[in-house]
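Observations on the model geometry
One letter stands for each residue in the lines below.
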Amino acid sequence: MPALKAAKYGGGTGSSRNGSGRGEKRIMTLRSSLCVMCLAGIVGSGLAQAGTNDILIGLDSKITYGPEGQMNGAPGNDAVLVLDISEPAKPKIRASLPLANSLLGPPTNLQITPDGKLGLVANSVVHVQDGNSWKPVPDDKLYVIDLTADPPKLIDTITVGRQPSGLSISRKGDLALIANRDGKSVSVVSIQGLTVKTVGEVPLEQQAAAVVFAPDGKRAFVCLNLANKIGVLAIDGQNVTYDKSMDIPSAFNPYNIDITPDGKYVIASNTGAQKNNADAEVIIEATGPHPHVVDVMTPGIGPEGFAIAPDGKTAATPLLLGTAAKDSDWFKTKAGELVLMSIGTDGKLTVTARAPLGGLPEGIAYSPNSDYLYVANYFEKDLQVFQIVSGKLTEVGPRLKLPGQPASMRAPAR
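Residues numbered from 1 in each chain as written. Predicted model: local features only at pLDDT ≥ 70, side-chain atom pairs only at ≥ 80, totals over all residues. Heavy atoms only, no water.

Within an unreviewed UniProt entry, the label attached to the chain reads YncE family protein, and the organism entered is Bradyrhizobium hipponense.

Here we look at the sheet that holds strand 21 (residues 279-285)
Condition: By this definition, two strands are paired if DSSP reports at least two bridges between them. Helix and strand assignments follow DSSP, with helices taken as H or I runs no shorter than four residues and strands as E runs no shorter than two, numbered in order from the N terminus. A fitted line through C-alpha atoms represents every axis, and for helices the fit uses only the stretch in contact; the resulting angles, taken between N-to-C directions, go from 0 to 180 degrees.
Strands sit in the order 19-20-21-22 across an open sheet of four strands; the sheet is antiparallel. Single-partner strands in this sheet number two, and they are strand 19 (254-259) and strand 22 (292-300). Geometrically, the sheet is characterised by an average inter-axis angle of 25° between neighbouring strands, direction not taken into account. For strand 19 and strand 20 (residues 265-270), the ladder comprises five bridges, and the chain directions are antiparallel. Note on strand 20: the bridge partner recorded for isoleucine 259 is valine 266.

Brief notes about the environment of threonine 148
Which entries qualify depends on this criterion: Between N or O atoms, a polar contact is any pair within 3.5 Å; within protein, one atom must be a potential hydrogen donor and the other a potential acceptor, and residues adjacent in sequence are included only when both atoms are from side chains.
Within the fold, threonine 148 resides in the loop between strand 8 (133-146) and strand 9 (153-159). Along the primary structure threonine 148 and glycine 51 are separated by 97 residues, whereas in three dimensions their C-alpha atoms are 8.0 Å apart. A polar contact of 2.5 Å, which involves the side chain of threonine 148, links it to the side chain of aspartate 146.

Looking at the nonpolar core
To keep it simple, the criterion reads: Here, nonpolar core refers to any group of buried Ala, Val, Leu, Ile, Met, Phe, Trp, Tyr and Cys residues whose side-chain atoms link them within 4.5 Å. Only protein chains enter the accessibility calculation, which uses a 1.4 Å probe; a residue is then buried when its area is under 20% of its type maximum, exposed when over 50%, and partly exposed in between. The contact definition used throughout considers only heavy atoms, calling two residues in contact when any of these lie within 4.5 Å.
Ranked by internal contacts, the top residues of the largest apolar core, which has 19 residues, are Ile55, Ile57, Leu83, Tyr374, Leu383 and Met409. Counting residues per element, the ones that place at least two in this core are strand 1 (54-60), strand 4 (79-84), strand 28 (372-377) and strand 29 (382-389). Leaving out residues up to four positions away in the same chain, isoleucine 55 has contacts with Leu81, Val82, Leu83, Ile85, Ile112, Ala365, Tyr374, Met409, Arg410 and Ala411.

Structural notes on the pairing of strand 19
Counted residue by residue, strand 19 has six buried out of six residues, so it is predominantly covered. Connecting strand 19 to the antiparallel partner strand 20 that follows it, the hairpin turn spans five residues, and glycine 263 within it adopts a positive phi of roughly 80°.

Quick notes on the pairing of strand 1
With seven of seven residues buried, strand 1 lies mostly within the body of the structure. On strand 1, burial covers both faces: Asp54, Leu56, Gly58 and Asp60 on one face and Ile55, Ile57 and Leu59 on the other are all buried. Pairing geometry for strand 1 and strand 4, over six bridges, is antiparallel. Each bridged residue has a counterpart across the sheet, and for aspartate 54 the counterpart in strand 4 is aspartate 84. Alignment of strand 1 against strand 32 (residues 405-410), held across five bridges, turns out to be antiparallel.

Focus on the sheet that holds strand 24 (residues 314-319)
If you walk across this open sheet you meet the four strands as 23-24-25-26, and the pairing is antiparallel. In this open sheet, the two strands that pair with only one neighbour each are strand 23 (307-308) and strand 26 (349-356). Across six bridges, strand 24 lies against strand 25 (residues 337-343) in antiparallel orientation. The partner of alanine 315 across the bridge, within strand 25, is methionine 341.

Considerations on the side chain of glutamate 281
For clarity, the cut-off: Counted as positive: Lys and Arg. Counted as negative: Asp and Glu, with His and the chain ends omitted from the count. Definition used for salt bridges: Asp or Glu carboxyl oxygen within 4 Å of a side-chain nitrogen of Lys or Arg.
Along the chain, glutamate 281 turns up in strand 21. Buried charge without a salt bridge: glutamate 281, with arginine 354 as the nearest opposite-charge side chain at an N-O distance of 10 Å. In this view, glutamate 281 contacts Ile267, Ala268, Ser269, Asn270, Asp295, Val296, Met297, Pro299, Pro303, Phe306, Thr317 and Leu349; residues no more than four positions away in its chain are not counted.

A look at the environment of glycine 344
Among the secondary structure elements, glycine 344 is positioned in the loop between strand 25 and strand 26. Judged by relative accessible area, which is 28%, glycine 344 ranks as partly exposed. When the C-alpha atoms of glycine 344 and lysine 313 are compared, they prove to be 7.7 Å apart, with 31 residues separating the residues in sequence.

So, in structure tokens, the structure goes:
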């Protein structure tokens, strides 16, 4: 969700009942069998292998919406899906892990290493009971998933900064950076094979919502969302430093960020205009001694999800529009909208196509060849697939039903 989001919850990884009677055991066995049968109907047949054709999707069971808008609920039934897109037009779920995830925060709290072997998922808040209701409080967990296992499995949980949100893995796959909102910092995480550990913390003095590596691994750019600025990080091996004097102005609430594969342009997606006011994409010249803004455009309202294609030719965003609003709000809408944009040689974005989406569309990801787009709809619990041909969008196949509400989605780092 827009600026109101607070990131991923932690705590339990699924509810359980520990009855001692035989009848209850039979019921549990039956339920387990039914769950396996249901998942078998969703998961594609055939043995899927770990690789760069995987996408991670975070499901949130705790936050729902009614006539008065967002409602917080009890934790316990979130999950992270591993989606196989070996056949781009026919994605299949190959695994579901009972890991905490949340709609609160940018939909970039998870990512796969460039070799497709590891998945990282930041869990930034836990839901705790507050009287008769539930409230989110900051967490500090990072889940490590072995995607080479059959099926994929959680192999470690490490501690990072408070309220970890958007994260980024380097092109070499040996380092990750995690933007911490409540911690007002960026965590530096080492990746060596299947071993992941925190090696540093960079203080920023401001909330940080999302971060992205430059392709050469020597710089990173971080969304200082409440300060309405983009910070620049210098990277030398595992040593990461922040120079406040290099801060770059952005629009209201820079909440998501990506960079072109050649490293020339950073694009910050801003979501702070609120209501029915258009939000901005801020284009930054990322090379040279002084990165700076070169253009600003708007694709529409609520571009919280945002991604640049692996080939660097297009960018795309699912607009929230008024889908998260209360029923009584004048700007309420039932559906969102996908916007496809070309990226010019000067970094400027030009809208080339639009397509209808479901309610509260959050996560977005490209196929490795940049010719397909995947968008997840929170309200409908489904995934839409679009083919890109000559700058136009065509929805292909029936929507893929998901076993929960998709709050975030990410392809491998590139």
